[in-house]
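# Overview (structure and organization)
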Number of protein chains: 2
Amino acid sequence: METLKVVKIGGNIIDDDAALAEFLKGFATLKGPKILVHGGGKLATKMAKSMNIEVQMVDGRRITDGDTLDIITMVYGGKINKNIIAQLQANRCNSVGFTGADGNAIVSEKRPVKTIDYGFVGDVKHVNTKVPKVLLENDITPVFCAITHDGNGQLLNTNADTVTSELAIAFADLYQVELYYCFEKDGVLLDVNDANSVIEDINTKNYETLKADGIITDGMLPKLDNCFYAISNRVSKVCLGKPDMLFNQNTKHTTIQA
Amino acid sequence: METLKVVKIGGNIIDDDAALAEFLKGFATLKGPKILVHGGGKLATKMAKSMNIEVQMVDGRRITDGDTLDIITMVYGGKINKNIIAQLQANRCNSVGFTGADGNAIVSEKRPVKTIDYGFVGDVKHVNTKVPKVLLENDITPVFCAITHDGNGQLLNTNADTVTSELAIAFADLYQVELYYCFEKDGVLLDVNDANSVIEDINTKNYETLKADGIITDGMLPKLDNCFYAISNRVSKVCLGKPDMLFNQNTKHTTIQA
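Note that the structure is predicted; figures quoted are calculated from it, not measured.

## Description of the interface of chain B and chain A
For an interface, size is often stated in terms of accessible area lost upon the parts coming together. Taken together, the 39 residues of chain B in the interface contact 39 residues of chain A. Here chain B and chain A share an interface that buries about 3,100 Å² over both sides, 64% of which is from carbon and sulfur atoms. It is Met74, Lys79 and Lys82 of chain B in chain B that bury the most area against chain A; as a group they hold 18% of the surface buried on that side. At the boundary of chain B and chain A, one finds 4 salt bridges. A salt bridge links Asp70 of chain A to Lys79 of chain B; its shortest N-O distance comes to 3.1 Å. Here chain B is connected to chain A by 12 residue pairs in polar contact (both at pLDDT 80 or more). Taken together, the elements giving at least two residues each to the side of chain B that touches chain A come down to helix H3 (43-50), helix H4 (66-90), strand S5 (95-98) and helix H5 (130-137) of chain B. Ranked by the residues each element gives to the side of chain B that touches chain A, the list is headed by H4 of chain B, at 14 residues. When the residues that make up the side of chain B that touches chain A are grouped by side-chain class, the tally is 15 nonpolar, 18 polar and 6 charged.

## Looking at the nonpolar core
Core analysis: the largest hydrophobic core is formed by 90 residues, its most contacted members being Ile202 and Leu224 of chain A together with Ile202 and Leu224 of chain B. Residues Ala44, Val143 and Cys182 of chain A together with Leu88 of chain B belong to the second largest nonpolar core, which totals 76 residues.

## Let's talk about the pairing of strand S8 (residues 141-145) of chain A
Residue and element names in this part refer to chain A. Taking burial as the measure, the 5 residues of S8 include 5 buried ones, the bulk of the element. Along S8, one buried face is formed by Thr141, Val143 and Cys145 and the opposite face, lined by Pro142 and Phe144, is buried too. With 3 bridges connecting them, strand S2 (residues 34-38) and S8 associate as parallel partners. Within S8, the residue paired with Val37 across the bridge is Phe144. Alignment of strand S5 (residues 95-98) against S8, held across 4 bridges, turns out to be parallel. When the bridges of S8 are listed, Val96 appears paired with Pro142.

## Some points on the sheet that holds strand S1 (residues 3-9) of chain B
Neighbouring strands of a sheet are bound in pairs by backbone hydrogen bonds; such pairs are parallel or else antiparallel. Residue and element names in this part refer to chain B. Strand order in the open sheet made by the 8 strands is S5-S8-S2-S1-S11-S13-S14-S12, with mixed pairing throughout. Each of the sheet's edge strands pairs with one partner strand only, and the pair in question is S5 and strand S12 (201-202). In the sheet, strand S13 (residues 237-241) pairs with strand S14 (residues 254-256) via 3 bridges, with the strands oriented antiparallel. When the bridges of S14 are listed, Val238 appears paired with Ile256. The sheet strands contacting helix H2 (residues 17-29) are S1, strand S2 (34-38) and strand S8 (141-145), and the helix crosses S2 at an angle near 165°.

## Points about the sheet that holds S5 of chain A
Residues and elements named next belong to chain A. A sheet is described by the order of its strands in space; here 8 strands give the open sequence S5-S8-S2-S1-S11-S13-S14-S12, paired in mixed fashion. Because the sheet does not close on itself, it has two edges, and the strands there are S5 and strand S12 (201-203). The average angle at which neighbouring strand axes cross in this sheet is 20°, direction not considered. Along the sheet face, helix H6 (residues 160-171) touches strand S1 (3-9), S2, S8 and strand S11 (176-182) and points at about 170° away from the line of S11. Helix H8 (residues 220-231) rests against S1, S11, S12, strand S13 (237-241) and strand S14 (254-257) of the sheet, and its axis sits at about 160° to S13.

Conventions used here
- Residues numbered from 1 in each chain as written.
- Chains lettered and ligands numbered in written order.
- Predicted model: local features only at pLDDT ≥ 70, side-chain atom pairs only at ≥ 80, totals over all residues.
- Heavy atoms only, no water.
- Contact = heavy atoms within 4.5 Å.
- Buried area = accessible area lost by both parts, 1.4 Å probe.
- Salt bridge = Lys/Arg side-chain N within 4 Å of Asp/Glu carboxyl O.
- Polar contact = N/O pair within 3.5 Å; in protein donor to acceptor, adjacent residues only side chain to side chain.
- Helix = DSSP H or I, 4+ residues; strand = E, 2+ residues; numbered from the N terminus.
- Nonpolar A, V, L, I, M, F, W, Y, C, P; charged D, E, K, R; others polar.
- Core = buried A, V, L, I, M, F, W, Y, C linked by side-chain atoms within 4.5 Å.
- Buried < 20%, exposed > 50% of the residue type's maximum accessible area, 1.4 Å probe, protein only.
- Pairing = 2+ DSSP bridges.
- Axes fitted to C-alpha atoms, helices over the stretch in contact; angles between N-to-C directions.

Next up, the structure:
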């Protein structure tokens, strides 16, 4: 089986023009089939402010109302995604931008209202690999933003880490998939104040200890849950760290083991 | 040769949710390979206003500065394009949204500054059919907004009628291409105040007379120039009229003859 790299970049790269340009230059050189997934960064919040649209929060969670969904569609699916495509083309990496509606690639379900109504937020139901696969077979790189659709005409905001793990898992039928979550640190840190304390391997066993000891908390929990979800569903390699880990094998990073 | 329909819709449909929904429902039923191109409508101007970005005009022509290009990318490439894709999927028409950067499909050149600096406006240099062709062969409909790129990372605003004729001409190598410009009238009118005065055929000969007599003026001139450009470059059929002409053969419309 051929190897497919699925790479996710987040706000720390998206929000920094120079860092994004450097990353894309490197990403364009990666050999073999690859998929890029990008988060949104701070631009959507900035846009909402400039349009006097208030970000609604309930219990610390952001609510995606109609106006917010429009802004996300414009910023993630428009400005960020299309500028990434233009830059990849400049680096001779032929690519096509995707939401989950394009090619019917990611079908989701509007999150049911229990105690909180999250608004236009979608939980992934199904990934259709057909269209991105056709492109990969023609040396074209699909670039996904984290927007999905319900199949009935409604776009839905979806967590970018989840979109990434779901894509990786769906493609594990067709490729040997390597999943790379790029973020601002060299990996998961044993001591949050010590950049050199990267935990090189996390498996289901020490994960429980790390959680119990309060070393892995907050934002890292859903990210690592996505990692374990992928590695236990036939994704062959899952790594977290700075983008350098993609270009230099000696770069420290965290590897997730089943 | 198989027939490919290239269809352009403009602001009058884009700005009217019900009209757009009805059009897309019909478009989804069209048999055979097809490409949709959409203009922008009034939403970009509305967005610019809500963000306090002034539309710059020089000699009655709109200037695309950096902020305006961002809005166009967000509105045309994001909100409008992705909502069209979601609705086509709901109508079981598998489709993928494109700017000219996606798949490196439409390469343009920033318009050189002579007397007026139009800003980030691109004149089409080259159409690469490769990626949309791969999709068409897999029963996927490419949906283009009127944004192109210069191949060096810069997105550029481009006239939607021109994008449409350039796509039609490029695909005439591969398909028997029919080009349909949908707009608010039943075709080119002999008397602008009489909706029934549709000129059913315009050829290079009566076109000159119609122009000399002041019957074809203003906004219709560039549109018709695009029509003649297409029909004289191996596009087999060029029609102007209401979208109904696509779905009902008896609908009055204007046909362009070489």
